[in-house]
Amino acid sequence: MAVLKVKFTKTKRDKLAQILWILNWVSVVSGIILFSLGLFLKIEIKKRNEVMAKGDVNSVPNMLISVGVIACIINFLGGKICYDCSDANKFSRWKLVMLPYIVCTFCFTFCILVGALMCYTMRNELEESLYLGLRDAIKFYKDTDIPGRCFLKKTVDMLQIGFQCCGNNGFRDWFEIQWVSPRYLNMASKEVLDRLKSNVDGKFLVDGVPFSCCNPSSPRPCIQYQLTNNSAHYNYDFLTEELNIWVKGCREALLDYYTAIMRSIGIAALLIWLFELSVLIGVRYLQTAMKNVLLLGDLEGESDGWLLENSFVETAKYNINIIKNLGKANQISTVSGMNDPNINVQNTNCGKTNVTTKSIPAAS
C-alpha cells in the first residue's frame, strides 16, 4: 500500500511543477546563504587562530561551505527538471534521472541536518582548542624577541581588551607564569634576585597582570601589581572590593562568542533543512505522478502520486535485501554438499545411445 497517496489532475501537476521550479531557485539562494555562513564562521575562527590549538574546529565551517556549494548545483538542476516536468513529453527524457536525483537530494538534505547539529556539538572541541591555545599564548607572552612568538604579546593584549577578559580561566593564570621579559628585569635589584631564587624554576612570578587586563571603566587607577596584598594600596580590600581588572577568563569569553555565532548558524541551517525537505517531498510527488501518467498513457488524465510505493516496513525490508545481496551474484555457494560447482550438472551422451565399445583383441 502506497504511503501518503495523493491524486493529481493535469492542472495540479502543472501547478506543482511551476511551484517547485520557483522553490528550487529559492533553494539556490539558500545554498548561497549556507556557503556564506560557513565562510563567515571559518573567517571568525581564523581570526583567533593564534590562540587556538590545532584541532578539528574547522570541520563545521568546511561542512557548511561544501553543502552550500552542492545545494546550488543540485537545486539549479532541480529547477530545470521541474520546469520540464510541466510537459509530459519533456519529462520522458528525465524519467530515468529523476529517482537517482531524488536519492542524491535526500543524502544532501541529510548533510544539511548533520551540519546544523554539528553547530551544537562543536562546543567541547572548541573549548579544548581554546584552552590549549590560550595556555601556550600566555606562556610565550614575554617572548617578544623570539621569531614565531613575537606577535603573541600583541595578540593576547588585543584579545583581552576586545573581549574584556583576563587570562585563560581568569586573572590568576598570570600569577603562575613569568609574563615579564627578562630584558626588563633589573638584575641588580635585591627584590628581583630574591624572587628568582625563591622559585624552583628560577622564574620571576608576581601577583600582577598585564595592562590589557585593566577595566577602563574603573573609578580608580588600575591596580596591576600586588593584587592580593591589601596593605600595598590605600583603601583596598582584595576580598570585598570589586577588582578593577577583568574577572572573566578569555576562554569563557571566546567560547560564549563562538557559541552564540554557531547557535544562530545552527538555527538558520535547520530552517534551510526544513525548506529543502519540503521541496524534496514535492519533487517526489511530481516524479511519481508523472511516471504514473506515462504508464496510464493518458497525458491529460488523473494520476496518483506518493512518497513510497509500499509501506515503510516493506520498503525497509526490500532495501535491506538489496544490500544483503550485493556482491553475491557471482559467488559460488559453499553450503555443505554443494562444494562442487558441477554437482548438479546432468551427464549427457550427446545424443548417442547404446554405443558398443569395441573390444580389444587379445594378444596371441
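Check the entry above for the structure.
Predicted, not measured: the structure shown is a model, and the values here were computed from it.

Thoughts on the packing of aromatic side chains
No. 1: On inspection of all chains with the given rule, the structure shows 8 aromatic pairs.
No. 2: Considering the side-chain rings of Phe163 and Tyr257, the 5.3 Å spacing of their centres and the 80 degrees angle between planes classify their relative orientation as edge-to-face. A residue pair is termed long-range when its members are at least 10 positions apart, and Phe163 in helix H6 (residues 152-163) and Tyr257 in helix H8 (residues 250-296) qualify at 94 residues.
No. 3: Note on Trp179 and Tyr225: the rings are 6.1 Å apart at their centroids and 20 degrees apart in plane angle, and the pair reads as stacked. With Trp179 in the loop between H6 and helix H7 (190-198) and Tyr225 in the loop between H7 and H8, this residue pair connects regions lying 46 residues apart in the sequence.
No. 4: A connected cluster of aromatic rings, assembled from ring pairs, spans Tyr141, Trp174, Trp179 and Tyr225.
No. 5: A cation sits over an aromatic face here: Arg149 above Phe140, 3.8 Å from the ring centre.

Some remarks on a nonpolar patch on the surface
No. 1: A cluster of nonpolar side chains, namely Trp21, Ile22, Trp25, Val26, Phe76 and Tyr83, defines an oily patch on the protein surface of about 620 Å² accessible area.
No. 2: When contributions to the nonpolar patch are tallied by element, the ones reaching two or more residues are helix H1 (10-47) and helix H2 (59-84).
No. 3: In terms of residue count, H1 provides more of the nonpolar patch than any other element does, 4 residues in total.
No. 4: Position of Val26 relative to the elements: it lies in helix H1.
No. 5: Val26 sits in the partly exposed class, given a relative accessible area of 39%.

What to know about helix H5 (residues 123-139)
No. 1: Look at H5: 24 Å from first C-alpha to last across 17 residues, which is about the 24 Å you get at 1.5 Å a residue.
No. 2: What H5 keeps buried is the set Leu126, Ser129, Leu130, Gly133, Leu134, Ala137 and Ile138. Along the long axis of H5, the arc covered by the buried residues comes to 145 degrees, so they all point the same way. Exposed residues lying more than 90 degrees from the buried face of H5 are Asn124 and Glu128.
No. 3: Here the buried face of H5 lies against H6 and H8.

Some remarks on the pattern of salt bridges
Two side chains that carry opposite charge are able to pair once their charged atoms sit near each other.
No. 1: This model, assessed by the stated rule, comprises 9 salt bridges.
No. 2: Close ionic contact of Asp136 with Arg135 constitutes a salt bridge, the shortest N to O distance being 3.6 Å.
No. 3: By relative accessible area, Asp136 is classed as partly exposed at 31%.
No. 4: Using a relative accessible area of 43% as the deciding quantity, one classes Arg135 as partly exposed.

What counts, and at which threshold
Residue numbers here run from 1 along each chain, matching the order of that chain's written sequence. In keeping with the predicted nature of the model, local features appear solely for residues at pLDDT of at least 70, side-chain atom pairs appear and are counted solely at 80 or more, and the whole-chain, interface and lining totals rest on all residues. Derived side-chain values reflect all non-hydrogen atoms in the structure, with water molecules and hydrogen atoms excluded from consideration. Pairing of aromatic rings covers Phe, Tyr and Trp, the last counted by its six-membered ring, and requires centre-to-centre distances within 6.5 Å; plane angles under 30 degrees mean stacked, over 60 mean edge-to-face, and any other angle means tilted. By definition, any uninterrupted DSSP run of H or I lasting at least four residues is a helix, any uninterrupted run of E lasting at least two residues is a strand, and each is numbered from the N terminus. Sitting over a ring, as applied to charges here, requires NZ of Lys or CZ of Arg to be within 6 Å of the ring centre and within 35 degrees of the ring normal. Patch membership is restricted to residues that have no salt bridge and whose relative accessible area is over 30%. Joining uses 9 Å for like charges and 5 Å for the nonpolar side chains Val, Leu, Ile, Met, Phe, Trp and Tyr. Accessible surface area values rest on a Shrake-Rupley calculation with a 1.4 Å probe, where residue burial reflects the displayed protein chains alone. The working definition used for a salt bridge is a side-chain nitrogen of Lys or Arg within 4 Å of a carboxyl oxygen of Asp or Glu. The buried label goes to any residue with under 20% of its type's maximum accessible area, the exposed label to any with over 50%, and the partly exposed label to all in between, with areas taken from a 1.4 Å probe on protein chains only. How far a helix is expected to stretch is found by multiplying one less than its residue total by 1.5 Å. Think of it as the arc spanned by the lines of direction from the helix axis to the C-beta atoms. Residue contacts are counted whenever heavy atoms from the two residues lie within 4.5 Å of one another.

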